[in-house]
Amino acid sequence: MTTHTQTPAATADAELKARHAALWALGDYAAVAREVIPELGRVLVDACHVTAGQDVLDVAAGTGNAAIPAARTGAHVVACDLSPALLDVGRQVADEAGIRLEWKQGDAEALPFADASFDVVMSSVGVMFAPHHEAAADELVRVARPGATIGLASWTPDGFIGRLFAVMKPYAASPPPGAQPPPLWGDEAHVRDLLGDRVVDLTAETRVLPVHFDRPEAFRDFFKRTYGPTIATYRGISDDTDKVAALDAALADLARDHLDGAGQMGWEYLLVTGHRWA
C-alpha cells in the first residue's frame, strides 16, 4: 500500500488557503456586497455581455455580487469561492430571490473545473485576493473556452481600497512568502502581463464606484464590523491599545480625505475584459 504525504510546500499552501477562507468568513461580507458595492457586480456582468444560455463562472464569487446578476440573465452560472461560509450566505440570498445557480467551493489558484468549460469567466474584486497572481491568471484562462470572455473588476493601487490596505499594512501581519499585493490586479500593465497573448481584444478602463457614508467614523466602524481583512488586522493588535487607537484614527482620516460634504466617496477600480485566444 502506497502512502501519499504532502510536501512541505503543499502543506504550507493548504494552511494559507485555510486562513484565507477563515479571514473572509469574519464579519459580514454580505453586508459589504449588499450595502456598499452592489452595483459593481452588475457593471461587470454588463461589460461581459452575459446572456441567457451561456455557461458562466464567477471566480472568488463571495456571496454572489456578480454571480447573482449573471444568473438573472438566464445564464447557467457557477459561483466558486474558497470560503464555504460566504457561499452559504450567497446561496441563501439567491434562494430567497428565487434565483437558481450553482455554488461550488474551490481555490482560484486550482479551480475544480475541466479545461475550456465556460463561455464567460469573471471575477468582481475577488480573484485579486488570491496570493499567487500568475497561478490565478493561469486558471482563469484554462477554464475559459476559446473565444470566451474574461472579465475582471479590481480595486486599483491608488484608489480608496488600495489606500485602505496601505493604511492597514503597518498594523497587519506580514504576508506569507511569495504572496503578491491584491491591488496589483488594478494595475493595467500587471494584468496585461499576467494574461499575456492568451487573451486578445483586451480593454482596460479605470472607473469610479459611488459609495456613501455619512461620516468618516461610519465607514471605519462599518469596516471594523463587516470586512474580513480589517477585522483580522484589528484582532492582531487587540492587546495594544495605542495601536488600536492609531489605526482607528488612520482609517477615519482616510475616509475623511475621500468624503465630500454630501457623504459621497468614489472608489476607483479597473474594469478589464478580453477574449481567450482560440
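Residues numbered from 1 in each chain as written. Predicted model: local features only at pLDDT ≥ 70, side-chain atom pairs only at ≥ 80, totals over all residues. Heavy atoms only, no water.

(A) The arrangement of the packing of aromatic side chains in detail. Considering all chains together, one arrives at 17 aromatic pairs under this definition. Ring centres of Trp24 and Tyr227 lie 5.5 Å apart, and the angle between their planes is 80°; on these two criteria the pair is classed as edge-to-face. Of this pair, Trp24 sits in helix α1 (residues 8-25) while Tyr227 sits in the loop between α9 (216-226) and α10 (228-236), and the two are 203 residues apart along the sequence. Judged by its relative accessible area of 15%, Trp24 falls in the buried class. Classification of Tyr227 by relative accessible area gives buried; the value is 4%. With centroids separated by 5.3 Å and ring planes inclined at 90°, the aromatic side chains of Phe113 and Phe118 adopt a geometry described as edge-to-face. Lys224 extends its terminal NZ or CZ atom over the ring of Tyr234, reaching a point 4.5 Å from the ring centre. (Phe/Tyr/Trp six-rings, centres within 6.5 Å; stacked < 30°, edge-to-face > 60°. Helix = DSSP H or I, 4+ residues; strand = E, 2+ residues; numbered from the N terminus. Buried < 20%, exposed > 50% of the residue type's maximum accessible area, 1.4 Å probe, protein only. Lys NZ or Arg CZ within 6 Å of the ring centre and 35° of its normal.)

(B) Representation of helix α3 (residues 38-47) in the model. Of the residues making up α3, those classed as buried are Leu40, Gly41, Val43, Leu44 and Val45. Against the buried residues of α3 lie α4 (67-72), β4 (118-124), β5 (144-155), β6 (199-212) and β7 (264-276). His49 sits one or two residues past α3 and shows a positive phi near 55°. (Contact = heavy atoms within 4.5 Å.)

(C) View of the side chain of His190. Mapped onto the fold, His190 is located in helix α8 (residues 188-195). A polar side-chain atom of His190 sits 2.9 Å from a polar atom in the side chain of His133. Look past the residues within four positions of His190 in its chain and what remains in contact with it is His133, Gln180, Leu184 and Trp185. (Polar contact = N/O pair within 3.5 Å; in protein donor to acceptor, adjacent residues only side chain to side chain.)

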